[in-house]
Number of protein chains: 2
Amino acid sequence: MKPTHIEHIGIAVTNLEEATKYYEEVLGLECYAVEEVADQKVKTAFFMVGETKIELLESTSADGPIGKFIEKKGAGIHHIAFAMDNVTDALKEAGEKGVRLIDKTPRSGAEGLKIGFLHPKSTLGVLTEFCGKK
Amino acid sequence: MKPTHIEHIGIAVTNLEEATKYYEEVLGLECYAVEEVADQKVKTAFFMVGETKIELLESTSADGPIGKFIEKKGAGIHHIAFAMDNVTDALKEAGEKGVRLIDKTPRSGAEGLKIGFLHPKSTLGVLTEFCGKK
C-alpha cells in the first residue's frame, strides 16, 4: 500500500461551535461543512488546509468514542487518516502484516467515504484511519 | 494569517528504529531523513505523504518535551504544524488574538526551518506549530 496524502486529521473538541470559531478567527481557515455521523455519535466540522482536512469532532453522547477519548485524555488530536486508492485492499494488507484492525472491511464514514480504522495498540499509539476517495 | 498546508504531523515514539520499520513496512512510506535536534532533545525521522511530512520523534532524554509527553500520555500524535508564509507575522497575529505563545518569535527547528509553537491551553488541547518554508 502507499497512502497518497493525509486525507484528514481528526481533532476531539468539547464544543464544536467554540472550536470552529478558533479555527476560523485565529487560524484563518474556513468551515465548509458540518455533518452529523450518527454511527460514530459525533457532530463534525470540516476545514481545508492544502490537500488535508481538519475534522473537528464533538461527541453527541458521553458513551461515544469521542466522549470516552475526551474523558480519558482530554480534548486534542484524535486520529490521522491516510488517503488510500483502495481501502479494502489496504485494510487486508495491514491485517496480513499483523496489524490489529478495528474494521476488517470498510464502512461508510463522513462525507460518504469508505473508511476503516487500525487499532492504536498496533500502530504505536496512533489511531490510524484509511480513507477512500470520492 | 492563512496556513497553506499541513507542513507536518509530529508523532512521539519510544523507539525510532521500530517506528520507522512500521511506517516503512506496514504503511509503505519511505524515511528520507533522520536528524537530531539537540535543542528539543529529540531524534527525528521524516516521511513524505503527499505535501505533508510525518515527523517521528524519539526523546534523547527523559526530561525533554517528548520524554515528558510519553510519560504523561503515552506514545502517539504529539503536534500539528501548519505551513505559514511568514512565521514571525503569524505568531504576532496569534498573540494579538489572545493565544498563549510558547515562542513569541521564531526559532530554528528541524530541517533548518523557522518554527514557533502555540500553547495547547490556548488551542483547545492541540499543540500547534507554525512552520516556515525553505
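Everything that follows concerns the structure shown earlier in this document.
These figures come from a predicted structure and were not determined experimentally.

What counts and what doesn't
Residues numbered from 1 in each chain as written. Chains lettered and ligands numbered in written order. Predicted model: local features only at pLDDT ≥ 70, side-chain atom pairs only at ≥ 80, totals over all residues. Heavy atoms only, no water. Helix = DSSP H or I, 4+ residues; strand = E, 2+ residues; numbered from the N terminus. Rg over C-alpha atoms; globule rule 2.2 N^0.38 Å. Buried < 20%, exposed > 50% of the residue type's maximum accessible area, 1.4 Å probe, protein only. Polar contact = N/O pair within 3.5 Å; in protein donor to acceptor, adjacent residues only side chain to side chain. Contact = heavy atoms within 4.5 Å. Least-squares fit on C-alpha atoms with pLDDT ≥ 70 in both. Salt bridge = Lys/Arg side-chain N within 4 Å of Asp/Glu carboxyl O. Buried area = accessible area lost by both parts, 1.4 Å probe. Nonpolar A, V, L, I, M, F, W, Y, C, P; charged D, E, K, R; others polar. Pairing = 2+ DSSP bridges.

**Q** Sorry, what's going on with the overall build of chain A here?
**A** A count of helical and extended segments in chain A gives three helices and eight strands. Counting from the amino terminus, chain A carries its helices and strands in the arrangement β-α-β-β-β-α-β-α-β-β-β. In terms of overall size, chain A behaves like a compact globule, its C-alpha atoms giving a radius of gyration of 15 Å where 134 residues would be expected to give roughly 14 Å. Seen along its three principal axes, the alpha-carbon backbone of chain A occupies a region of about 45 × 30 × 25 Å.

**Q** Sorry, what's going on with the side chain of histidine 8 of chain B here?
**A** Residues and elements named next belong to chain B. Counting through the fold element by element, histidine 8 comes out in strand S1 (residues 5-13). Residue class for histidine 8 comes out buried when judged on its relative accessible area of 4%. Within the structure, the side chain of histidine 8 is placed 3.1 Å from the side chain of glutamate 129, a separation counted as a polar contact. Ignoring anything within four residues of it in the chain, the contact list for histidine 8 reads Thr52, Lys53, Glu55, His79, Ile80, Ala81, Glu129 and Cys131.

**Q** Can you help me understand the relation of the copies chain A and chain B in this one?
**A** The operation linking the two copies of the chain is a rotation about an axis combined with a translation along the axis. In screw terms, the move from chain A to chain B is a rotation of 180° and a rise of 0.0 Å along the axis, fitting with an RMSD of 0.0 Å. Here the symmetry operator amounts to a two-fold rotation axis. Of the interface residues in chain A, 100% have counterparts in chain B that sit at the interface too, so the contact is made through matching surfaces.

**Q** Just to check I follow, could you spell out the environment of valine 99 of chain A for this structure?
**A** Considering the arrangement of structural elements, one finds valine 99 of chain A in the loop between helix H3 (87-96) and strand S6 (107-108). The spatial distance from the C-alpha of valine 99 of chain A to the C-alpha of valine 26 of chain A is 38 Å, given a sequence separation of 73 residues. Once residues within four sequence positions are removed from consideration, valine 99 of chain A is found in contact with Ala94, Leu118, Ser122 and Thr123 of chain A together with Tyr22 and Val26 of chain B.

**Q** What am I meant to see in the pattern of salt bridges here?
**A** Note on pairing: side chains with opposite charge can pair once their charged atoms come close. Taken as a whole, this structure holds 16 salt bridges over all chains when the rule is applied. Close ionic contact of aspartate 39 of chain B with arginine 107 of chain B constitutes a salt bridge, the shortest N to O distance being 3.3 Å. In this pair, aspartate 39 of chain B sits in the loop between strand S2 (31-37) and strand S3 (42-49) while arginine 107 of chain B sits in strand S6 (residues 107-108), placing the two residues 68 residues apart along the sequence. Across the pair aspartate 103 of chain B and arginine 107 of chain B runs a salt bridge whose closest N-O atoms are separated by 2.7 Å. According to the relative accessible area criterion, aspartate 103 of chain B is buried, its value standing at 9%. Judged by relative accessible area, which is 21%, arginine 107 of chain B ranks as partly exposed. Counted as one network, the salt bridges with shared partners bring together Glu7, Lys53 and Glu111 of chain A.

**Q** Which parts of the structure should I look at to understand the interface of chain A and chain B?
**A** As a measure of interface size, the accessible area lost when the parts come together is often cited. Listed as interface residues are 40 residues of chain A and, on the opposing side, 40 residues of chain B. For the pair chain A and chain B, the two sides together bury roughly 3200 Å², of which 69% comes from carbon and sulfur. For chain A, the biggest contributors to the area lost against chain B are Leu27, Ile77 and Leu124 of chain A; these three give 20% of the whole. Seen at the junction of chain A and chain B, the total is zero salt bridges. Across the chain A-chain B interface, the total number found is five residue pairs in polar contact (both at pLDDT 80 or more). Ranked by residues supplied to the side of chain A that touches chain B, first place goes to strand S5 (residues 76-83) of chain A with six residues. Within the side of chain A that touches chain B, the residues separate by chemical class into 22 nonpolar, 12 polar and six charged.

**Q** Is there a simple way to think about the pairing of strand S5 (residues 76-83) of chain B in this case?
**A** All names here are of chain B. Counted residue by residue, S5 has eight buried out of eight residues, so it is predominantly covered. Looking at chain direction, S1 and S5 are connected through seven bridges and run antiparallel. Residue pairing across strands places isoleucine 9 opposite isoleucine 80, the latter belonging to S5. As paired strands, S5 and strand S8 (residues 128-131) are joined by four bridges and run parallel to one another. The partner of alanine 81 across the bridge, within S8, is glutamate 129.

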